[in-house]
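Spelled out from the first residue to the last, the chains are:
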Amino acid sequence: MEYADVVVVGGRCAGSPAAMLLARQGRRVVVLERSNLESDVISTLYIQPTGMVQLRRWDLLEQVSATGAPELPQTRASICGVSMTGRAAWPADTPASRAPRRHALDPLLAQAAAAAGADIRLRATMTAVEADAGGASVSYRHRGADGRLVEGTIRAGLVVGADGMRSKVADQVGATALRTDPTWTCAYYTYWAGLGDLPFCTYEDEGGWVSAVPTSDGIVLVSAYFPQDRFDEVRHRAEAAYMECLQVVAPDLFDRIQTAERVGPLVGFGDQRNFMRQ
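Residues numbered from 1 in each chain as written. Predicted model: local features only at pLDDT ≥ 70, side-chain atom pairs only at ≥ 80, totals over all residues. Heavy atoms only, no water.

Trainee: Whenever I open this one, helix H4 (residues 102–115) confuses me. Can you help?
Mentor: Residue pairs three or four apart in sequence face the same way in an α-helix, which turns once every 3.6 residues. If you check H4, its first and last C-alpha atoms are 20 Å apart, about what 14 residues at 1.5 Å a residue would give, namely 20 Å. Three or more residues of H4 are buried, namely Arg102, Leu105, Asp106, Pro107, Leu108, Leu109, Ala110, Ala112 and Ala113. Looking at the buried positions of H4, the neighbouring elements they touch are helix H1 (15–24), helix H2 (49–57), helix H3 (61–65) and strand E5 (119–122). Once H4 finishes, Gly117 follows within two positions and takes phi at roughly 115 degrees, a positive value. (Helix = DSSP H or I, 4+ residues; strand = E, 2+ residues; numbered from the N terminus. Expected span 1.5 Å × (residues − 1). Buried < 20%, exposed > 50% of the residue type's maximum accessible area, 1.4 Å probe, protein only. Contact = heavy atoms within 4.5 Å.)

Trainee: Would you take a moment to explain the packing of H1 against H4 for this structure?
Mentor: Each pair of packed helices can be summarised by the angle the axes make with each other and by the distance between the axes. Here H1 crosses H4 at 20 degrees, and the two axes come no closer than 8 Å. When the axes of H1 and H4 are compared, the pair comes out roughly parallel. Of the two possible hands of crossing, H1 and H4 adopt the one that is left-handed. Between H1 and H4, the residues in contact are Ser16, Pro17, Ala19 and Met20 and Leu109, Ala110, Ala112 and Ala113, respectively. Per-class residue counts for the contact of H1 with H4 are seven nonpolar, one polar and no charged. (Axes fitted to C-alpha atoms, helices over the stretch in contact; angles between N-to-C directions. Parallel < 35°, antiparallel > 145°, perpendicular 65-115°, else oblique. Left-handed = near helix turned anticlockwise from the far one by under 90°. Nonpolar A, V, L, I, M, F, W, Y, C, P; charged D, E, K, R; others polar.)

Structure follows, in structure tokens:
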């Protein structure tokens, strides 16, 4: 049996900063992250200015800038063919938004947590959590660098469930959903090279909603959103539906794409849950 002050389950963009801040306060923190952080995950990538302020407070702004994701100080919003470009009225010293790829952002956040003293265990999967009046026991499986599978249990005063929308921690401790709203949209997205210089762009029309988010190395994440009640139809013809949505909702972006290069698979989801959990 190991002992820690805090076990954080999930070591990506929520879990690693939580571990970093706790470790900076002198807590003994163990992070269990089931992946190796080298892959992208479903994400819109865009970090709001308030998030950039936090990164500056944590002394991580320079590292995020080094990912190659450009500053995005302005937003272009097009609604039913009417376009506006501008920026929010943040204080003058507020860092501009950026949209780094998750395979670049998440490792640097984990490295910051490790530098603060947190024990980061990649390819470590939580298998059970049992809470009681004195804290909790967390069981896990860990695949080491040598490929050997190790099983263990950590006793901690606090367990942080940072393992996402379908959190195993929340399920096992019976966390209550304080508010649940219907799922309104489904979406498909992919990455494009050669779209030229763009700000963060959003488009809205009766046919759906489209966003274009410049990320690292001149790549742009382009997403097409559809009403949720179309998901069954859209997922059976995803490629065609995606291009049709761009053509109808974002015609100028669609024109750019005709001479651009797609540099990633088309990824879709239709079960993005809307809830606030205790």
